[in-house]
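Architecture and fold: a report
Spelled out from the first residue to the last, the chains are:
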Amino acid sequence: MGADVGWLHEVKNQQAALEAVCGRSIRVENADDIPEAVATVFEQFATGRPRPMHLEVPVDVLEGEWVRRPASVRNVPEPVRPGRTVIEAVALAIAAAHRPVVLVGGGARRAGGAIRALADRGIPVLTTVNGKGILDERHPAALGAAVRLKAARDVADGADVLLIVGSEVGDADLWGGVLAPGAPGRRTVVRVDIDPAQMHKNVRADLAIVGDASAVLDDVVEVLRDKGFGPRPVELLETYREAIAAEAARDAGPWEPIQRALSAALPADTVVAGDSSQVTYYGTVHHWPFTPANTLLYPTGYATLGYGLPAAIGAKVAAPDRPVIGLFGDGAAMFSIQELVTATEQRLALPIVIVDNGGYGEIRQQMIERDIEPQAVDLYRPDFPALARAVGAHGVTATTVDDIAQMAADALVADRPTVICHRLG
Ligand SMILES: Cc1ncc(C[n+]2csc(CCOP(=O)(O)OP(=O)(O)O)c2C)c(N)n1
Ligand SMILES: [Mg+2]
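Described below are features of the structure shown in this document. (Residues numbered from 1 in each chain as written. Chains lettered and ligands numbered in written order. Predicted model: local features only at pLDDT ≥ 70, side-chain atom pairs only at ≥ 80, totals over all residues. Heavy atoms only, no water.)

What about the pairing of strand β3 (residues 100–104)?
The test is simple: Using a 1.4 Å probe on the protein chains alone, a residue whose accessible area is under 20% of its type maximum counts as buried, one over 50% counts as exposed, and one in between counts as partly exposed. We count a stretch as a helix when DSSP gives it H or I for four or more residues in a row; a strand needs E for two or more, and each element gets its number in order from the N terminus. Note on pairing: two strands pair once DSSP finds at least 2 bridges between them.
The buried fraction of β3 amounts to five of the five residues, a majority that puts the element mostly inside the structure. Burial along β3 is two-sided: Pro100, Val102 and Val104 facing one way and Val101 and Leu103 facing the other are all buried. Where β3 and strand β4 (residues 125–127) come together, three bridges link them in parallel fashion. Its bridge partner being in β4, Val102 is matched across the sheet by Val125.

So, the coordination of the magnesium ion (ligand 2)
Going by this rule: For Na, K and Ca the donor cut-off is 3.2 Å, and for all other metals it is 2.8 Å, counting N, O and S atoms only; because water is absent from this set, sites may look incomplete.
Of the protein atoms, only Asp330 (OD), Asn357 (OD1) and Gly359 (O) coordinate the magnesium ion (ligand 2), at distances of 2.0 to 2.1 Å. Mapped onto the sequence, the donors of the magnesium ion (ligand 2) take the spacing D-x26-N-x1-G. Residue Asp330 is located in helix α13 (residues 330–335), and its partner Asn357 is located in the loop between β11 (351–356) and α15 (361–369); the two are separated by 27 residues in the primary sequence. When its relative accessible area of 19% is taken as the criterion, Asn357 is described as buried.

Things to note about the sheet that holds strand β5 (residues 161–165)
For clarity, the threshold we go by: Structural elements are reduced to axes, namely lines fitted to C-alpha atoms, with helices fitted over the stretch in contact, and the angle between N-to-C directions of any two is expressed from 0 to 180 degrees. Any two residues having at least one pair of non-hydrogen atoms within 4.5 Å are treated as being in contact.
One open sheet holds the five strands; their spatial order is β4-β3-β5-β6-β7, and the pairing between them is parallel. The open sheet has two edge strands with one neighbour each: β4 and β7 (207–210). The mean angle between the axes of side-by-side strands here comes to 15°, regardless of whether they run parallel or antiparallel. Against the sheet, helix α4 (residues 84–96) makes contact with β5, β6 (188–193) and β7, and its axis sits at roughly 135° relative to β7, the strand it touches most.

Overview of a nonpolar patch on the surface
Which entries qualify depends on this criterion: In this analysis, a patch consists of residues with relative accessible area above 30% that form no salt bridge, clustered at 9 Å for like charges and at 5 Å for the nonpolar side chains Val, Leu, Ile, Met, Phe, Trp and Tyr. Here the accessible surface of atoms and residues is derived via Shrake-Rupley with a 1.4 Å probe, and residues count as covered only by protein chains that are part of the display. Salt bridges are defined as contacts in which a side-chain nitrogen from Lys or Arg sits within 4 Å of a carboxyl oxygen from Asp or Glu.
Residues Leu18, Val21 and Tyr302 make up a contiguous nonpolar surface patch of roughly 300 Å² in combined accessible area. Mapped onto the elements, Tyr302 comes out in the loop between β9 (295–297) and α12 (308–318).

Structure below.
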């Protein structure tokens, strides 16, 4: 470590580099520590805020002698739940509210049942992009993965009780917007999170609850049920939905019809791997109605292009029986196009829809909005289907959105990946 002698692959401090982008990094100093370190990593996965973990095994440790010893068995701890008083306080606040709103993020993914129970009582549910589909987006109380839209934030800001579950309500979640719920005293912000560090991040909590989202909400719903808290009037819901839909429609452009066609043609439990492309954030996020059976893979925070294709491959390998589709822009595709070879080698039945608008459409648009003459955003347009065929995948051209849908459905049962290129303009 730190020898600075010009080793092959030498890095000044690899652990620090990885730690910078992971939840945590652990380095084992000798082989005996490996089982404990692996157990620690998986315990964190099971109990903590979902984060990637880095486990570093130095080469000399890896190559050293190791006597296999039985590892100690660790039981995963019970979910963290607060006491009854806290649960009652939350339930009382909700029961007494006139305009309660629930806002859920990716950390609420396993709390779908309780969130559904709240929605069934007419409480509007907003999600972040990471929380998309936790509540069936066709539920009358579902306001969609819409917190990036001002109309949706207005709904949250107007709540007298705002229940935020499993979200840091970060700048990237709100797309540079802010949440500013009514003045203290006139509203109650309840936050539920497994990570105490999230309690007051971006929005201060009046009631800060550290706990497992599912355990906490199940308990709250149970108290509400005992208290005979009935369904509330739902007339506001339609107004909320219309305002949000109107704002989402402003950027729907060519993206919405693609979502409509694909969501109608593909199975209900489709996994969609998107990217930092307009077809994802103006399209899939708002116009592909998700249920809890769906999954959206999308790099909300880092927004790193090139995520979509490897994410689609990873999902298909992890869940070969689930329908998985990659759906992203031409710019995103070119950041990691070489992974098509991997998908072909693995014989994955994977449709990869590339919506080609000739370059970095978003950046082009932002330059124009700022009166900058577009620079380096109109890119060479590769022949994507030919490129796919060159690495042993299928490659086809879709002229209409119905073609995209049909070709994607066919690709789900093909003998290898299929690149479906749809050119705009
Ligand atoms: C690794 C990386 N580099 C640069 C960016 C900045 N960026 C954001 S969107 C975008 C354009 C992406 O092009 P494409 O996938 O074709 O989507 P489009 O905007 O055309 O819909 C760029 C370059 C980024 N998000 N990630
Ligand atoms: Mg593009």
